[in-house]
Amino acid sequence: MKSVRGDIIYTGKKVVKDAHVVFNGKKVVSVSKDRKGELIGSFPVITPAFIDPHSHISMVRAGEPAAEAEANDHMDPILAVPDALDSVQMDDQSLKDAIEMGVLYSCVVPGSGNIIGGMSAVIRHYAAISSDALIARAGVKAAFGYNPMSTKDWKGARPTTRMGALAILRSKLHDVQTKVNKLKRSKGAKKEEVSFSAEEVVLRDVLSRKLVLRCHVHKIDDIAALLRIVDEFKLKVTVEHAGDVHEPAIFAELKRRGIPVVYGPTDSIAYKVELKHDSWRNVRLLIESGVDYGLMTDHPVNLARLLFIQTRWFTRSGLSKQEAVELVSRKNAEIIGIDGFLGTLAKGKWASFTCWNGDPFDITSYPVEVFGEGEQVFSDQ
């Protein structure tokens, strides 16, 4: 058993002063005033591991030309079978850079050039190989708005308009739903043979709400279009980005429906028309709506190592320091479904945390020790 003492410990749910994170092996035993086991360090501040809920890290890699990036495959607009993990390369320097800033986990998703892009992979940044990096799945990537209509030169039947992209998506979901309904209607000796392709199996799980559809979408009316698809097919979705939302009503509607937002990135240039209303001031609308939300980097759009620094717009918009830490730990963990073992420093959860040399909200402070599952994965001492 080991202990790490902090003057201030952000647990992901509350702030505890002058206490110890006690852990045994890979799991937290307690956050306690009493030291237990070997004291291995004392630090001004301890925070839970930060989690990036939407990233292309290790698919788009530092130091490699753009032509070698693997976030999008150009072969077809509907690609449900591709697995982001198969394009993860653990020698990406960005993974190490993220670890040094306390960002230990990412939900890696395919890009948004395709209407359906493939399966997500939640990874630990400190694994040696991609197979060991995988810790969870968090749904299937989809894209609405400008991006899928901008890839008309790629292979396959590509849309050139928003209505074309949604027509392709509707047609595919309709075909799979028809097969599902046919299978349900057939019984006993009259049971009909219904076969599903590998792609259709994934989409069948989307239609049955076993898999979340993680939807790239920025603009208000593109979110409205997504909600029409949700109503038509009864899908379980998240809204990813929402950077162009500059009126409160759509966030209020997402709250009413219980649809969470993975917001961001907050510090990138508005590099396309669908971001013409993008502003950090939109963060206030997000917060005031009461919708459930997390915060992403969309690495490499914002670098993964800069996840925490984006919280400055949230504290400026009214969040406390505790709530800002909670945003990139507990809330992000909940949205991607890994809160059973990450997100807070609570008994039984992974001992993944960062030890700071000062207040992490002070720009001069930085991590000096980082632990992943009870093992030191970075030291600056």
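Preceding this paragraph is the structure being described.
So, the nonpolar core
Next, step 1: Counting residues in each nonpolar core, the largest one holds 76 residues, and the members touching the most others are Val261 and Phe314.
Next, step 2: Per-element accounting of this core gives the leading share, seven residues, to helix α6 (residues 220-233).
Next, step 3: Beyond its immediate sequence surroundings of up to four residues, phenylalanine 314 is in contact with Tyr263, Thr266, Val283, Leu286, Ile287, Tyr293, Leu295, Leu319 and Leu327.
Next, step 4: Core analysis: the second largest hydrophobic core is formed by 21 residues, Ile51, Val122, Ala136 and Val262 among them.

Overview of the pattern of salt bridges
Next, step 1: With the rule as written, the count across this model stands at 22 salt bridges.
Next, step 2: Between glutamate 253 and arginine 256 there is a salt bridge, with its nearest N and O atoms 2.8 Å apart. You can see glutamate 253 and its partner arginine 256 sitting in helix α7 (residues 249-257), three residues apart, about one turn around the helix.
Next, step 3: The structure contains a network of salt bridges with shared partners spanning Asp231, Glu253, Arg256 and Arg257.

Here's the deal with the packing of helix α4 (residues 162-185) against helix α5 (residues 198-207)
Next, step 1: Their axes nearest at 10 Å, the elements α4 and α5 cross at an angle of 85°. Judged on the interaxial angle alone, α5 and α4 are roughly perpendicular. On α5, the residues touching Lys172, Leu173, Val176, Gln177, Lys179 and Val180 of α4 are Glu199, Glu200, Leu203, Arg204 and Leu207.
Next, step 2: Among the residues making up the contact of α4 with α5, the classes are represented as five nonpolar, one polar and five charged.

Points about the side chain of serine 55
Next, step 1: Along the polypeptide, serine 55 turns up in strand β5 (residues 50-55).
Next, step 2: The residues contacting serine 55, other than those within four sequence positions of it, are Ser106, Cys107, Val108, Val109, Asp298 and His299.

Overview of the environment of leucine 286
Next, step 1: Relative to the assigned elements, leucine 286 resides in helix α8 (residues 282-289).
Next, step 2: Taking the C-alpha atoms as reference points, leucine 286 and alanine 252, 34 residues apart in sequence, are found 8.7 Å from one another.
Next, step 3: Beyond its immediate chain neighbours, meaning those up to four positions away, leucine 286 contacts Phe251, Val261, Tyr263, Val291, Tyr293 and Phe314.

So, the packing of aromatic side chains
Next, step 1: Throughout the structure, instances matching the rule amount to 14 aromatic pairs.
Next, step 2: Put simply, the rings of Tyr10, Phe50, Phe308, Trp356 and Phe361 pair up and form one aromatic cluster.
Next, step 3: Here lysine 331 stacks its cationic end above the ring of tyrosine 293, 3.7 Å away from the centre of that ring.

Digging into the sheet that holds strand β14 (residues 293-295)
Next, step 1: The strand order β7-β10-β11-β12-β13-β14 describes an open sheet built from six strands, whose pairing is mixed. Across the chains shown, the open sheet's two edge strands, defined by having one partner strand only, are β7 (116-119) and β14. When strand polarity is set aside, the average angle formed by the axes of neighbouring strands in this sheet is 25°.
Next, step 2: Pairing analysis gives three bridges linking strand β12 (residues 237-241) to strand β13 (residues 261-263), with the strands arranged parallel. Within β13, the residue paired with histidine 241 across the bridge is tyrosine 263.

Parameters at a glance
Residues numbered from 1 in each chain as written. Predicted model: local features only at pLDDT ≥ 70, side-chain atom pairs only at ≥ 80, totals over all residues. Heavy atoms only, no water. Core = buried A, V, L, I, M, F, W, Y, C linked by side-chain atoms within 4.5 Å. Buried < 20%, exposed > 50% of the residue type's maximum accessible area, 1.4 Å probe, protein only. Helix = DSSP H or I, 4+ residues; strand = E, 2+ residues; numbered from the N terminus. Contact = heavy atoms within 4.5 Å. Salt bridge = Lys/Arg side-chain N within 4 Å of Asp/Glu carboxyl O. Axes fitted to C-alpha atoms, helices over the stretch in contact; angles between N-to-C directions. Parallel < 35°, antiparallel > 145°, perpendicular 65-115°, else oblique. Nonpolar A, V, L, I, M, F, W, Y, C, P; charged D, E, K, R; others polar. Phe/Tyr/Trp six-rings, centres within 6.5 Å; stacked < 30°, edge-to-face > 60°. Lys NZ or Arg CZ within 6 Å of the ring centre and 35° of its normal. Pairing = 2+ DSSP bridges.

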